[in-house]
Amino acid sequence: MSFPDVLREISFPHKGWIRTGLLISAALACLPGAASAEPPLKTEAQSISLSLDGAFDRYGTTHSESLRAGAEFECASELKLGRSALDWNLQLYYAYSHSVTDGAATNARSEGIDFAKILLSGWRGREFKTVKPYLLAGVELTWLKEPDTEEESGYASSRFISPTLGYGVELKINHSVSLNAEYRRNLSGGGRRVSGMTLGLSYAILGGDEDEAEKEKEE
């Protein structure tokens, strides 16, 4: 399939959801008060992390499993807005999911990018170092193989691009390792909807809190 053909299959439903997600991200920091005139404390990239997330679920004759691997880049940290602070990360990932219902299997492979992973690192003057809730907004390209409703024992394949939204919480285990609980979904409908809750780990291969601590000691 040529690139123009892919573009014809692009699905961007519920554009209002994307706008709403981005507004929520901004409002999360603006609620305490008007934006402060103070400049951001840190705006340079601080770390690069690798992540691995997965999930498994079984209910009666239905079961599903998913796995996602990615790389996350910290674009800016401690962005001050009023008495709140945000971290902004960018994430690239590859995801695979497999589900079976009444013997019929559906497989989805996705490549995506989270343009905005907005973490709440401060709230009303209180700094969050161990636990950070966050919102996600991005886009992903998915290859879907599902049972063909028009042909018995047959399968239909398709690929499409869709916006994605999500939310989660990050728990810092030590200077380099974090535990993540996350829910995300694309904004496609019907059989093209891919969503789920995952648990995972991320490991900072460059930068991170340990490097910051060493710099402070040297100073």
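Residues numbered from 1 in each chain as written. Predicted model: local features only at pLDDT ≥ 70, side-chain atom pairs only at ≥ 80, totals over all residues. Heavy atoms only, no water.

**Thoughts on the overall build of the chain**
Defined as follows: Under the scheme used here, helices are H or I runs from DSSP no shorter than 4 residues and strands are E runs no shorter than 2 residues, and both carry numbers assigned from the N terminus. Here the term buried applies to any residue with accessible area under 20% of the maximum for its type, exposed to any over 50%, and partly exposed to those in between, with areas from a 1.4 Å probe on protein chains only. Between two residues, a contact is recorded if the distance between any of their heavy atoms is within 4.5 Å. Areas reported as accessible are Shrake-Rupley estimates using a 1.4 Å probe. Residue values count occlusion only from the protein chains shown.
Within the chain, the regular secondary structure consists of 3 helices and 9 strands. Taken from the N to the C terminus, the helices and strands of the chain come in the order α-α-β-β-β-β-β-β-β-β-β-α. Counting every position in the chain, which comprises 219 residues, the buried fraction comes to 36%. Of the contacts made within the chain by residues no fewer than 6 positions apart, 59% connect residues no fewer than 24 positions apart. Split by element, the accessible area of the chain, about 12,700 Å² in all, is 59% carbon and sulfur.

**Details of empty space enclosed by the protein**
To keep it simple, the criterion reads: Definitions used for this entry: grid spacing 1 Å over protein atoms alone; cavity, a set of points where a 1.4 Å probe fits but cannot get out; pocket, an open set with protein on both sides within 12 Å along at least 5 of 7 lines; lining residue, one with an atom within 4 Å of a point. Grid points are joined across faces, edges and corners, and a volume is the space filled by probe spheres set on the points. Each residue is assigned to one class: nonpolar for Ala, Val, Leu, Ile, Met, Phe, Trp, Tyr, Cys and Pro, charged for Asp, Glu, Lys and Arg, and polar for all the others, Gly among them.
Throughout the structure, instances matching the rule amount to 1 cavity of 30 Å³ or more. Considering only enclosed or pocket space, the largest cavity measures out at about 50 Å³ in volume. In the lining of the largest cavity, the residues fall into 1 nonpolar, 4 polar and 5 charged.

**What about the nonpolar core?**
This is how it is decided: By nonpolar core we mean a set of buried residues, namely Ala, Val, Leu, Ile, Met, Phe, Trp, Tyr and Cys, connected to one another through side-chain atoms within 4.5 Å.
The biggest cluster of nonpolar side chains holds 5 residues, and these are Leu 86, Ala 116, Ile 118, Leu 120 and Phe 128. Top element by residues in this core is strand E4 (residues 104-123). It accounts for 3 residues.

**Structural notes on the layout of surface pockets**
Reported here for the second largest pocket is a volume of approximately 510 Å³. Top contributing element to the lining of the second largest pocket by residue count: strand E3 (residues 84-101), with 6 residues. Counted by class, the lining of the second largest pocket contains 10 nonpolar, 13 polar and 7 charged residues.

**Topic: unusual backbone geometry**
The phi dihedral of Glu 78 falls on the positive side, at around 55 degrees, and the residue is not glycine. Its location among the elements puts Glu 78 in strand E2 (residues 62-81).

**Quick word on the environment of Ala 204**
Positionally, Ala 204 belongs in strand E9 (residues 195-207). Accessibility expressed as a relative area gives 11% for Ala 204, which makes it buried. Sequence spacing of Ala 204 and His 175 is 29 residues, and the spatial spacing of their C-alpha atoms is 8.3 Å. If sequence neighbours within four positions are ignored, Ala 204 has contacts with Ile 48, Ser 49 and Ser 176.

**Section: the packing of aromatic side chains**
To keep things clear, this is the line we draw: Here the aromatic set is Phe, Tyr and Trp, taking the six-membered ring for Trp, and pairing holds for ring centres within 6.5 Å; pairs whose planes are under 30 degrees apart are stacked, those over 60 apart are edge-to-face, and all others are tilted. Two conditions define a charge located above a ring, namely a distance within 6 Å from the ring centre to NZ of Lys or CZ of Arg, and an angle within 35 degrees of the ring normal.
Summed over the entire model, instances satisfying the criterion amount to 1 aromatic pair. When the ring of Tyr 167 is compared with that of Tyr 183, the centres are 5.6 Å apart and the planes differ by 35 degrees; the resulting orientation is tilted. Highlighted residues: Tyr 167 in strand E7 (residues 155-172) and Tyr 183 in strand E8 (residues 177-186), separated in sequence by 16 residues. Judged by its relative accessible area of 49%, Tyr 167 falls in the partly exposed class. One Lys or Arg, Arg 68, reaches over the ring of Tyr 93 and ends 5.8 Å from the middle of that ring. It is Arg 184 that lies over the ring of Tyr 93; its NZ or CZ is 4.6 Å from the centre.

**Concerning the side chain of Thr 164**
With respect to the secondary-structure elements, Thr 164 resides in strand E7. The exposure class of Thr 164 is buried, given its relative accessible area of 4%. Other than its neighbours up to four places away in sequence, Thr 164 contacts Tyr 93, Asp 114, Leu 136, Ala 137, Gly 138, Val 139, Glu 140, Arg 184, Arg 185 and Asn 186.

**Notes on the pairing of E8**
Along a regular strand, successive side chains alternate from one face of the sheet to the other. Inclusion rule: In this scheme, strands are said to pair when DSSP sees at least two bridges between them.
For E8, the buried fraction is high: 7 of the 10 residues fall into the buried class. Between the antiparallel neighbours E7 and E8 lie 4 residues. Judged from the 9 bridges that link them, E8 and E9 form a sheet pairing that is antiparallel. Across the sheet, Arg 185 pairs through a bridge with Ser 195, a residue of E9.

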